[in-house]
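Reading the structure
The residues making up each chain are set out below.
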Amino acid sequence: MNTSNDAIKQPLAAGEHEIFIDGLRQVYHVAGNGPVCLVHPGGPGFHWKYLQMPELEKTMTMVYLEPVGTGKSDALPDGDYSMPRYAHFAHKVAEHTGAQKYYFLGHAHGGGVGLQYALDYPNELAGLILQSSAPSMGPELYMEQFKQIESFAERWPDNAEAQDAKQAMMDSKNVRDKESALAVLHRLLPAYFGNYWSVKEKVDKWKVVLDFSGDPNRQPYEWDVRDILHTITTPTLILVGEYDVNCGPRWSNEMAEKISGSQLVIFERGGHMEHVEHTEQFTQAVNEFVAQTK
């Protein structure tokens, strides 16, 4: 008979877990019941807690990753935080759990990791869920973000918080550490929602968990898989807000066009944090996708 301590050691037991991959500490957190789903936060550098989805935990076993260089997980000594490297660490966690035909949900940069995962480990996922993601990371993505923050500010011309959010996007070029990143993020928050002021009470409760890790040894890195998206055969759900300033419909439409059989859901007047802003619709879309692919 297993004791309670033995149960805690099980890879998919609820709570915090620590394993070592290539000699580096990798932390992950488990919550919920149902099909297993790896959950990869964005940034890169944002801690997992902002992406916790209690409503999905009612139907899925959510395995929230603390990516290398983030939170309690170790930093990479060589600073090589490439998409294949992130996918490798996520894959090792999946192997450790023993899950078969699991799901991968990635937000923003985490969605890029999800795309890389589907490319590198094509036969292992039951489904790929891309939330507010893009198939490239480089000057073109950054230029599009600045274009979209301009559109955001134009939608709220008389709102001081909206205008400061636009300035915060400009100031993000000078982020160098955790403190400056969090300061910019809190100013940017209005732009991360379709209508921040209609959900401000919910956001105020949620934003207390926002945290960030910046590795000063992180090497510059660009990535683009648009030319090979057509090779992805994993069932794919693409979720995006109409007014997402970070990874908007431009990128989701391109991914939907190139990934055969993928499903695209655009949340009307939604933003970058749809699991917070439109929790019910977001949860329903994921649950329906999982039901179809099981």
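Scope of this entry: the structure provided in the associated data block. (Residues numbered from 1 in each chain as written. Predicted model: local features only at pLDDT ≥ 70, side-chain atom pairs only at ≥ 80, totals over all residues. Heavy atoms only, no water.)

A look at the packing of helix α4 (residues 139-155) against helix α5 (residues 160-171)
Relative orientation of the contacting elements α4 and α5 amounts to 165 degrees, with a least axis distance of 9 Å. Put simply, α4 runs roughly antiparallel to α5. For the pair α4 and α5, the crossing hand works out as left-handed. Taken together, the residues of α5 that come into contact with α4 (itself represented by Q145, F146, I149, E150, F152 and A153) are A162, Q163, A165, K166, M169 and M170. Each residue belonging to the contact of α4 with α5 can be placed in one class, and the counts come to eight nonpolar, two polar and two charged. (Axes fitted to C-alpha atoms, helices over the stretch in contact; angles between N-to-C directions. Helix = DSSP H or I, 4+ residues; strand = E, 2+ residues; numbered from the N terminus. Parallel < 35°, antiparallel > 145°, perpendicular 65-115°, else oblique. Left-handed = near helix turned anticlockwise from the far one by under 90°. Contact = heavy atoms within 4.5 Å. Nonpolar A, V, L, I, M, F, W, Y, C, P; charged D, E, K, R; others polar.)

What to know about the pattern of salt bridges
Scanning the entire structure with this criterion turns up 20 salt bridges. The salt bridge partner of D224 is R226, with a shortest N-O separation of 2.6 Å. Each of E140, E144, D224, R226 and R250 takes part in one network of salt bridges that share partners. (Salt bridge = Lys/Arg side-chain N within 4 Å of Asp/Glu carboxyl O.)

With respect to α4
Here α4 contains 17 residues, and its C-alpha end-to-end distance of 25 Å stays within 8% of the 24 Å for a straight helix at 1.5 Å per residue. For α4, the complete set of buried residues consists of L141, E144, Q145, I149, F152 and A153. Contact partners of the buried residues in α4: β7 (136-137), α5, α6 (178-188) and α8 (249-258). (Expected span 1.5 Å × (residues − 1). Buried < 20%, exposed > 50% of the residue type's maximum accessible area, 1.4 Å probe, protein only.)

Re the packing of aromatic side chains
For the structure on display, the rule yields 13 aromatic pairs. Consider the rings of Y117 and Y121, whose centres lie 5.0 Å apart with planes at 55 degrees: the pair is tilted. In terms of burial, Y117 and Y121 fall into one category: buried. Among the aromatic residues, ring-to-ring pairing joins W156, F193, Y196, W197 and W206 into one connected group. We note R155 situated over the ring of Y243; from NZ or CZ to the ring centre the distance is 3.8 Å. Across from the ring centre of Y81, 4.0 Å away, lies the NZ or CZ of R218, which sits over that ring. (Phe/Tyr/Trp six-rings, centres within 6.5 Å; stacked < 30°, edge-to-face > 60°. Lys NZ or Arg CZ within 6 Å of the ring centre and 35° of its normal.)

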